Amino acid sequence: MALFGLLIPVPIIGGIGAVPAIVALTVYSLLPIIRNTYTGITGVDPAIREAGRGMGMTDRQLLLQVEIPLALGVILAGVRVATVIAIGIATIAAAIGAGGLGVFIFRGISVVNNQLILAGAVPAAAIALLADFVIGWIENKLKVK
């Protein structure tokens, strides 16, 4: 909510509506993706890196052909977390006029209508669970065996 508030007075990317919501969701999603990418790549066994260097691989080849495939599970876990967080935070974006399922939640809260709150919360939770399941399935399919 704080980032939404900070973006309102910023020219071009700020204000009210979908643009600042997308910017905020992107910024929030970067941390788990970057952190997991770094952790995954630095977690590759140094002996494997050395074997790649011994085969004459350049740094770029080593990164693209060895380190990223081995770190893919950790990287996708970060994407998975970022996706679920973004879906949850997107409901809050209704507070700055971005629309979405959060409109039902905020409207339900303002009129104390549990059915209206659930009309926004249940689909948002279902979308988050579905996204988590799909990315988890992709993660399992792409794991190096």
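In this text the structure is predicted, and so the values were computed from the model without any measurement.

**Concerning the overall build of the chain**
Step number 1: In terms of helices and strands, the chain carries six helices and zero strands.
Step number 2: Relative to a compact globule of 145 residues, whose C-alpha radius of gyration would be 15 Å, the chain shows 20 Å and is clearly more extended.
Step number 3: Counting only C-alpha atoms and orienting by the principal axes, one finds that the chain spans roughly 65 × 35 × 15 Å.
Step number 4: In the chain, which comprises 145 residues, the share counted as buried stands at 30%.
Step number 5: For the chain, contacts bridging at least 24 residues in sequence account for 54% of all contacts bridging at least 6.
Step number 6: Surface exposure of the chain reaches about 8900 Å², of which carbon and sulfur atoms provide 72%.

**Re the UniProt feature "domain: ABC transmembrane type-1" (unreviewed entry) in the chain**
Step number 1: Per the UniProt record, "domain: ABC transmembrane type-1" (unreviewed entry) is annotated on residues 1-135.
Step number 2: In residues 1-135, the share of helix is 79% and the share of strand is 0%. The end C-alpha atoms are 26 Å apart.

**Structural notes on the UniProt feature "transmembrane region" (unreviewed entry) in the chain**
Step number 1: Per the UniProt record, "transmembrane region" (unreviewed entry) is annotated on residues 6-31, 85-109 and 116-138.
Step number 2: Across residues 6-31, the secondary structure splits into 62% helix and 0% strand, with the terminal C-alpha atoms separated by 18 Å.
Step number 3: Taken end to end, residues 116-138 is 100% helix and 0% strand, and its first and last C-alpha atoms sit 34 Å apart.

**Quick word on the packing of helix H2 (residues 18-42) against helix H4 (residues 59-92)**
Step number 1: With their axes 7 Å apart at the nearest point, H2 and H4 run at an angle of 155° to one another. Looking at the two axes, H2 sits roughly antiparallel to H4. Like other packed secondary-structure pairs, H2 and H4 cross with a definite hand, here right-handed.
Step number 2: Along the lines of polarity and charge, the residues of the contact of H2 with H4 split into 17 nonpolar, five polar and one charged.

**Quick word on the nonpolar core**
Step number 1: Counting 10 residues, the largest nonpolar core consists of Leu 3, Phe 4, Leu 7, Ala 21, Ala 24, Leu 25, Ala 86, Ile 89, Ala 93 and Ile 96.
Step number 2: For this core, the secondary-structure elements that each account for two or more residues are helix H1 (2-7), H2 and H4.
Step number 3: Setting aside anything within four residues of it in sequence, one finds Leu 3 in contact with Ala 24, Val 27 and Tyr 28.

**Some words on the packing of H4 against helix H6 (residues 114-142)**
Step number 1: It is at 9 Å that the axes of H4 and H6 come closest, and there the two elements cross at 170°. On the basis of the axis angle, H4 is roughly antiparallel to H6. Here Leu 72, Gly 73, Leu 76, Ala 77, Val 79, Arg 80, Thr 83, Val 84, Ile 87 and Thr 91 of H4 come into contact with H6, specifically with Ala 124, Ile 127, Ala 128, Ala 131, Asp 132, Ile 135, Gly 136, Ile 138, Glu 139 and Leu 142.
Step number 2: Of the residues that constitute the contact of H4 with H6, the class distribution is 13 nonpolar, four polar and three charged.

Cut-offs used in this document
- Think of each chain on its own: its residues are numbered from 1, step by step along the sequence as written.
- Residue-level local features of this predicted model are given only where pLDDT is at least 70; pairs of side-chain atoms are given and counted only at 80 or more, and the full residue set underlies all totals for whole chains, interfaces and linings.
- Side-chain descriptors were evaluated using all non-hydrogen atoms of the structure, hydrogens and water having been removed beforehand.
- Under the scheme used here, helices are H or I runs from DSSP no shorter than 4 residues and strands are E runs no shorter than 2 residues, and both carry numbers assigned from the N terminus.
- Throughout, radius of gyration means the C-alpha value; the globule benchmark is 2.2 Å times the number of residues raised to the power 0.38.
- A simple rule labels every residue: compare its accessible area, found with a 1.4 Å probe on the protein chains alone, to the largest value its type can have, and call it buried under 20%, exposed over 50%, or partly exposed in between.
- Contacts were defined at the residue level, with two residues in contact if any of their heavy atoms lie within 4.5 Å.
- Residue-level accessible areas treat just the shown protein chains as cover; the underlying method is Shrake-Rupley with a 1.4 Å probe.
- UniProt positions are given in the numbering used here, feature names are shortened, and annotations may be inferred rather than shown by experiment.
- The axes are straight lines fitted to the C-alpha atoms, using for helices just the contacting stretch, and the angles between their N-to-C directions are given from 0 to 180°.
- In this scheme, roughly parallel covers angles under 35 degrees and roughly antiparallel covers those over 145, while 65 to 115 is roughly perpendicular and the rest are oblique.
- For a crossing to be left-handed, the near helix must be turned anticlockwise from the far one by less than a right angle; the clockwise case is right-handed.
- Each residue is assigned to one class: nonpolar for Ala, Val, Leu, Ile, Met, Phe, Trp, Tyr, Cys and Pro, charged for Asp, Glu, Lys and Arg, and polar for all the others, Gly among them.
- Grouping buried Ala, Val, Leu, Ile, Met, Phe, Trp, Tyr and Cys residues that are joined through side-chain atoms within 4.5 Å yields what is termed a nonpolar core.

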